[in-house]
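Chain and residue survey
The lines below spell out each chain.
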Amino acid sequence: MEFKDYYQTLGVAKGASQDDIRKAYRKLARKYHPDVSKEADAALRMAELNEANTVLSDPEKRAAYDTVGAQAWAQGARSGDDVRPPPGWNTGYEFAEGAPGGARGHFGAGEADFSEFFEQMFGRARTAGGARGQAGTGGGARAQMRGEDHHARIELELIDAYRGAERAITLRGARLNADGQLVPEERTLQVKIPQGVKEGQLIRLAGQGSPGLHGGAAGDLFLEVRFRPDARWRIDGRDVTQRLRVTPWEAALGGGVGVTTPDGRTVEVTVPAGSGSGRRLRLKGRGIPSGSAPGDLYLELDIAVPGAVTPEQQRAWQALGQAYPGFDPRRA
Amino acid sequence: MTPTPIPPALVELLDDAALDLNALARGCAVTTEWVHTHVEAGVLEPLAGGGAAEWRFSSTTLARARRIAELEHTYDADPQLAALTADLMEEVARLRRLVRDF
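What this report covers is the structure whose coordinates are included nearby. Residue indices begin from 1 for each chain and proceed along its sequence in written order. The order in which chains are written sets their letters, starting at A; the order in which ligands are written sets their numbers, starting at 1. In keeping with the model being predicted, local features are shown solely for residues with a pLDDT of at least 70 and side-chain atom pairs are shown and tallied solely at 80 or more, while totals for entire chains, interfaces and linings include all residues.

1. Observations regarding the overall build of chain B
Only DSSP runs of H or I reaching four residues or more are called helices, and only runs of E reaching two or more are called strands; each is numbered from the N terminus. Across its full length, chain B carries 4 helices and 2 strands. When the helices and strands of chain B are placed in sequence order, the string is β-β-α-α-α-α. Residues with at least 20 other C-beta atoms within 10 Å of their own are called buried, those with 12 or fewer are called exposed, and the rest are partly exposed. The C-beta atoms themselves are positioned from the backbone. Going through the 102 residues of chain B one by one, you find that 34% of them count as buried. Each residue is represented by a C-beta atom placed from its backbone, and any two residues with such atoms within 7 Å are regarded as in contact. Within chain B, contacts between residues separated by at least 24 positions form 46% of all contacts whose residues are at least 6 apart in sequence.

As structure tokens, then:
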């Protein structure tokens, strides 16, 4: 198990105050927030920051961590060294919050994004925290607790929204072993993605979140849909915009042209005579499907100008110019 | 690793009015009071329903509410400031998609 130097992760001294830790975390969270950062490893760094902050911002967890860390450092360990917490290291510590990875305070990271080191140190405490909570309810009866929901993102192709798809999704998480400890677990789910998904929409997989405690129901797994970047299309809700390249004479004279739509079908559309670049043609109901309100497909005209290479082609363009003696596109 | 097949009956595409008050609160790991406060402040908007029992929220509202809760928690942010930041983040994402796609 790799020892994690949380102080180094946050760039603070070991004696840093809570205020210093909070400031350091906020500064780095702003830098590495996956939604705004341009750093290549932003998501990974954010997960590390979240983990470090979860421990160091909680006085109880920090004290426990320091106990382990002090021993490790005394033995000459540094990040990357293998260090295992000594048996009973956490005796006497109580953790106010059992679950280390709740949605709050963890940008871009799910419960699954904590390291094996974290799970080894605080996984047991998560269970203990739950048990302590029940003791407060009194009566000795163990109250059922619903498992936490998990959130993850899934990247799809646009055609998956049109046709539906089947995807294997690999998730890193944790499970309770026979001793009630949390141990890291990787699992792969085979999921049928329903037709009609749109960007930002959630797919709920019932019962695929954290397991419940004492017979409680398992939480759900929510998958937030993102579409893979594709230069062919622009997507807004269920509406899709596709560039349609046409020749100058198709744009000028109009006529039928064949178009392959995002669902792979070929349809014939009529380009109105006198169309300019950027004109949008709407194919109603040909966007992302939906039972009640399917989106529209917009074809945005892009006039492709062929080169004048041969003498014959050059003469043809010159003749075109002579046919429009007063035409000046630079004059409104 | 052999994938675990998820029965289609357990896969639900959340439509535009799928989440009630409790589901939204649970999805954000916040209390229902937190949701109440943010609806009253105009930070979150239910799609339907007059009283809290009838409120329905879209799944995109869940993603937005999670982001707002995270911002408030991490930066001790005022709800309106967190909402503004969440809006700007979503706008940045939308504009990046536009730049990226065409």
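Structure's up, so let's keep going.
2. Focus on the overall build of chain A
Along the backbone of chain A there are 8 helices and 11 strands. Classification of the 332 residues of chain A by burial places 30% in the buried group. A separation threshold of at least 6 residues defines the contact pool for chain A, and within that pool the share at least 24 residues apart is 62%.

3. Comments concerning the interface of chain B and chain A
Counting from both sides, the interface comprises 32 residues of chain B and, opposite them, 38 residues of chain A. If you list the elements that add at least two residues to the side of chain B that touches chain A, you get strand E1 (4–5), strand E2 (11–13), helix H1 (21–28), helix H3 (59–75) and helix H4 (79–101) of chain B. For the side of chain B that touches chain A, the element with the highest residue contribution is H3(B), accounting for 10 residues. Residues are grouped as follows: nonpolar covers Ala, Val, Leu, Ile, Met, Phe, Trp, Tyr, Cys and Pro; charged covers Asp, Glu, Lys and Arg; every other residue, Gly included, is treated as polar. In terms of residue class, the side of chain B that touches chain A is made up of 20 nonpolar, 6 polar and 6 charged. Pairing between strands is defined by DSSP: at least two bridges between the two strands are required. Sheet topology note: the strand E4 (residues 202–205) of chain A/E2(B) ladder contains 3 bridges and is antiparallel.

4. Observations regarding the sheet that holds E4(A)
Spatial ordering of the open sheet is given by E1(A)-E5(A)-E4(A)-E2(B), a layout of 4 strands whose pairing is mixed. Two strands close off the open sheet at either side, each with one partner strand: strand E1 (150–156) of chain A together with E2 of chain B. The average angle at which neighbouring strand axes cross in this sheet is 25 degrees, direction not considered. Here E1(A) pairs with strand E5 (residues 221–227) of chain A via 7 bridges, running parallel. Within the sheet, the bridge partner assigned to A:Arg153 lies in E5(A) and is A:Glu224. In this analysis an axis means a line fitted to C-alpha atoms, helices contributing only their contacting stretch, and an angle means the value between N-to-C directions, from 0 to 180 degrees.

5. Here we look at the sheet that holds strand E11 (residues 297–303) of chain A
Paired through their backbone hydrogen bonds, the strands of a sheet run either parallel or antiparallel. All names here are of chain A. With mixed pairing, 4 strands are arranged side by side in an open sheet as E6-E7-E11-E10. Each end of this open sheet is capped by a strand with a single partner; those strands are strand E6 (233–236) and strand E10 (280–283). The sheet shows a mean angle of 25 degrees between the axes of neighbouring strands, direction not considered. As paired elements, E10 and E11 share 4 bridges and run antiparallel to each other.

6. Side note on the nonpolar core
Residues of type Ala, Val, Leu, Ile, Met, Phe, Trp, Tyr and Cys that are buried and joined through C-beta atoms within 7 Å form what is called a nonpolar core. The biggest cluster of nonpolar side chains holds 45 residues, and the ones touching the most others in it are A:Ile203, A:Leu223, B:Leu24, B:Cys28, B:Leu62, B:Ala65 and B:Ile68. If you tally residues by element for this core, the top one is H3(B), at 6 residues. Formed by 17 residues, the second largest nonpolar core is a distinct cluster that contains A:Tyr6, A:Tyr32, A:Met46 and A:Val68.

7. So, unusual backbone geometry
Within the chain, A:His214 stands out as a residue other than glycine whose phi angle is a positive 55 degrees. With respect to the secondary-structure elements, A:His214 resides in the loop between E4 and E5.

8. Considerations on the packing of helix H2 (residues 18–32) of chain A against helix H3 (residues 42–56) of chain A
Residues and elements named next belong to chain A. Relative to each other, H2 and H3 sit at 165 degrees, their axes nearing to 10 Å. Accordingly, the angle class assigned to the pair H2 and H3 is roughly antiparallel. The way H2 lies across H3 gives a crossing that is left-handed. Where H2 abuts H3, its residues Ile21, Tyr25, Leu28, Ala29 and Tyr32 lie against Ala42, Arg45, Met46, Leu49, Asn53 and Leu56. The residue inventory of the contact of H2 with H3, partitioned by class, reads 9 nonpolar, 1 polar and 1 charged. Small angles under 35 degrees read as roughly parallel and large ones over 145 as roughly antiparallel, with 65 to 115 read as roughly perpendicular and the rest as oblique. We call a crossing left-handed when the near helix sits turned anticlockwise from the far one by less than a right angle, and right-handed when that turn is clockwise.

9. Let's talk about the pairing of strand E9 (residues 266–271) of chain A
Residues and elements named next belong to chain A. Bridge count for strand E8 (residues 255–260) against E9 is 6 bridges, and the pairing is antiparallel. If you follow Gly255 over to E9, its bridge partner there is Val271. The loop that links E8 with its antiparallel partner E9 comprises 5 residues; one of these, Gly264, has a positive phi angle of about 90 degrees.

10. Notes on the packing of H1(B) against H3(B)
How two helices pack is summed up by the angle between their axes together with the distance between the axes. Residue and element names in this part refer to chain B. Orientation of H1 relative to H3, taken along the N-to-C sense of each, is 45 degrees, at an axis distance of 9 Å. Accordingly, the angle class assigned to the pair H1 and H3 is oblique. H3 is crossed by H1, and the crossing has right-handed handedness. Judged by residue contacts, Leu24, Gly27 and Cys28 of H1 engage Leu62, Ala65, Arg66 and Ala69 from H3. Its residues assigned to classes, the contact of H1 with H3 shows 5 nonpolar, 1 polar and 1 charged.

11. A look at H1(B)
Within H1(B), the full set of buried residues consists of B:Leu21, B:Leu24, B:Arg26, B:Gly27 and B:Cys28. One or two positions beyond H1(B), positive phi appears at B:Ala29, with a value near 55 degrees.

12. Examining the environment of A:Glu155
Residues and elements named next belong to chain A. With respect to the helices, strands and loops of the structure, Glu155 is situated in strand E1. Residues Glu155 and Glu199, spaced 44 residues apart in sequence, show a C-alpha to C-alpha distance of 9.5 Å. In this view, Glu155 contacts Arg226 and Arg228; residues no more than four positions away in its chain are not counted.

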